[in-house]
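Listed below are the residues making up each chain.
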Amino acid sequence: MSLKKLPSAGVKRRGLMLVLSSPSGAGKSTIARILLDGVDDLELSVSVTTRARRGSEIDGVHYHFISKAEFERLRDSDALLEWAEVHGNYYGTPREAAEQTMASGRDMLFDIDWQGALQLQERVPADVVSVFILPPTLAELKARLHRRAEDTQAVIEMRLANSRTEMEHWRDYDYVVINDDLDRAYSAVQAIVKAERLRRDRRPGLFDFVTGLLDEDLA
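Let us look at the structure shown here.

**A few points about helix H4 (residues 114–123)**
Alright, step 1. Restricting attention to buried positions, one finds in H4 the residues Gly116, Ala117, Gln119, Leu120 and Gln121.
Alright, step 2. Buried residues belonging to H4 abut strand S1 (17–21), strand S5 (80–86), strand S7 (107–111) and strand S8 (128–134).

**Points about the pairing of S7**
Alright, step 1. Taken across its five residues, S7 has five buried, putting it largely inside the fold.
Alright, step 2. Where burial is concerned, the two faces of S7 agree: the one with Asp107, Leu109 and Asp111 and the one with Met108 and Phe110 are both buried.
Alright, step 3. Relative to S7, S1 is paired through four bridges, and the arrangement is parallel. By the bridge assignment, Leu20 is partnered in S7 with Asp111.

**Here's the deal with the pairing of S1**
Alright, step 1. The element S1 is extensively covered by neighbouring structure, given that five of its five residues are classed as buried.
Alright, step 2. With burial as the criterion, each face of S1 is covered, one bearing Met17, Val19 and Ser21 and the other bearing Leu18 and Leu20.
Alright, step 3. Relative to S8, S1 runs parallel, the two being bridged by five bridges. What sits directly across from Leu18, in S8, is Val129.

**Some points on the sheet that holds strand S3 (residues 48–49)**
Each strand in a sheet pairs with another by means of backbone hydrogen bonds, the pair being arranged parallel or else antiparallel.
Alright, step 1. Spatially, the four strands line up as an open sheet ordered S4-S3-S6-S5, and their pairing is mixed. Pairing within the sheet leaves two strands with one partner each, and these edge strands are strand S4 (64–65) and S5.
Alright, step 2. Taken strand by strand, helix H2 (residues 68–76) contacts S3, S5 and strand S6 (89–94), and its axis lies near 140 degrees from that of S5.

**A short note on the packing of helix H5 (residues 138–148) against helix H6 (residues 153–167)**
Alright, step 1. The interhelical angle for the contact between H5 and H6, taken along N-to-C directions, is 145 degrees, at an axis separation of 11 Å. In this structure, H5 meets H6 at a crossing whose hand is right-handed. Residues Leu138, Leu141, Lys142, Leu145, His146 and Arg148 of H5 pack against Gln153, Ile156, Arg159, Leu160, Ser163, Arg164 and Met167 of H6.

**Side note on the packing of helix H1 (residues 28–38) against helix H7 (residues 182–197)**
Alright, step 1. Packing of H1 against H7 leaves a shortest axis separation of 10 Å and a crossing angle of 60 degrees. Between H1 and H7, the crossing angle belongs to the class labelled oblique. Note that H1 runs across H7; the crossing there is right-handed. Mapping the contact onto sequence places Thr30, Ile31, Ile34, Leu35 and Gly38 in H1 and Leu182, Ala185, Tyr186, Val189 and Gln190 in H7.
Alright, step 2. Looking at the contact of H1 with H7, its residues break down into seven nonpolar, three polar and no charged.

**Examining the sheet that holds strand S2 (residues 42–44)**
Alright, step 1. An order of S2-S7-S1-S8-S9 is seen for the five strands of this open sheet, with the pairing classed as parallel. Strands with a single pairing partner mark the edges of an open sheet, and in this sheet they are S2 and strand S9 (175–178). With strand direction ignored, the average angle separating the axes of adjacent strands in the sheet is 25 degrees.
Alright, step 2. Of the strand pairs in this sheet, S8 and S9 are connected by four bridges, and their pairing is parallel. Looking across to S9, one finds that Val131 is bridged to Tyr175.
Alright, step 3. In the packing of helix H3 (residues 95–103) onto the sheet, the strands contacted are S1, S2 and S7, and the crossing angle to S7 comes to about 145 degrees.
Alright, step 4. Strands S1, S2, S7, S8 and S9 of the sheet are contacted by H7, whose axis makes an angle of about 160 degrees with S9.

**Here we look at the nonpolar core**
Buried together is how nonpolar side chains tend to be arranged in soluble globular proteins.
Alright, step 1. Leu18, Leu20, Leu35, Val131 and Val189 are the most contacted members of the largest nonpolar core, which totals 23 residues.
Alright, step 2. When contributions to this core are tallied by element, the ones reaching two or more residues are S1, H1, S8, H5, H6 and H7.
Alright, step 3. With five residues, H7 is the single largest residue contributor to this core.
Alright, step 4. Apart from the residues within four sequence positions on either side, Leu35 is in contact with Leu18, Leu20, Leu42, Tyr186, Val189 and Gln190.
Alright, step 5. In terms of nonpolar packing, the next biggest core, distinct from the first, is built from 15 residues, Leu81, Met108, Phe110 and Ile112 among them.

Thresholds, definitions, all that
- Residues numbered from 1 in each chain as written.
- Predicted model: local features only at pLDDT ≥ 70, side-chain atom pairs only at ≥ 80, totals over all residues.
- Heavy atoms only, no water.
- Buried < 20%, exposed > 50% of the residue type's maximum accessible area, 1.4 Å probe, protein only.
- Helix = DSSP H or I, 4+ residues; strand = E, 2+ residues; numbered from the N terminus.
- Contact = heavy atoms within 4.5 Å.
- Pairing = 2+ DSSP bridges.
- Axes fitted to C-alpha atoms, helices over the stretch in contact; angles between N-to-C directions.
- Left-handed = near helix turned anticlockwise from the far one by under 90°.
- Parallel < 35°, antiparallel > 145°, perpendicular 65-115°, else oblique.
- Nonpolar A, V, L, I, M, F, W, Y, C, P; charged D, E, K, R; others polar.
- Core = buried A, V, L, I, M, F, W, Y, C linked by side-chain atoms within 4.5 Å.

Read these as spatial facts, not as claims about activity.
This is the structure in structure tokens:
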């Protein structure tokens, strides 16, 4: 079932932070893109990065591409909710955009690595729902990186070498999804979002809703 246009019964809900992590090539960015198309009230947290832009990427849509000096300024002024160094480049989440989204009752999707995920879990544990995406095999992971055809052979080898370290952090996540089939993996993550949105502690409007139910006069 799609999460588009599901009724909310008028109950105010606090937004959640949906964190997707995986080794490069395991499919988190693909799943994230499908989620953004299929789920209402969900928007992508656009990270800042010092990494060079790939040919298929658009500045301000996939990332905000900035200099190292600008990144350090944001980091040192506490303007980043989390940040990490990945494959020799810096990545971070702008604080202001995330806080505005959460306050509005919308969910924010984070396509980040395990370092950023741990920082979010430490700072706002009640708001984070974390999902780690695993590949079915390392051979398939390697094949996906080659099919992507966006990195040099040296970069691909570095990503494969780092993938083992990244996968060792699977225990730090609330949920783990094996992406051996994209449709099944997407459906699993979609189900996680649907269930987490119904948690009692994410729905402060339930207090007034239930009070109203109990005050109804059926005479």
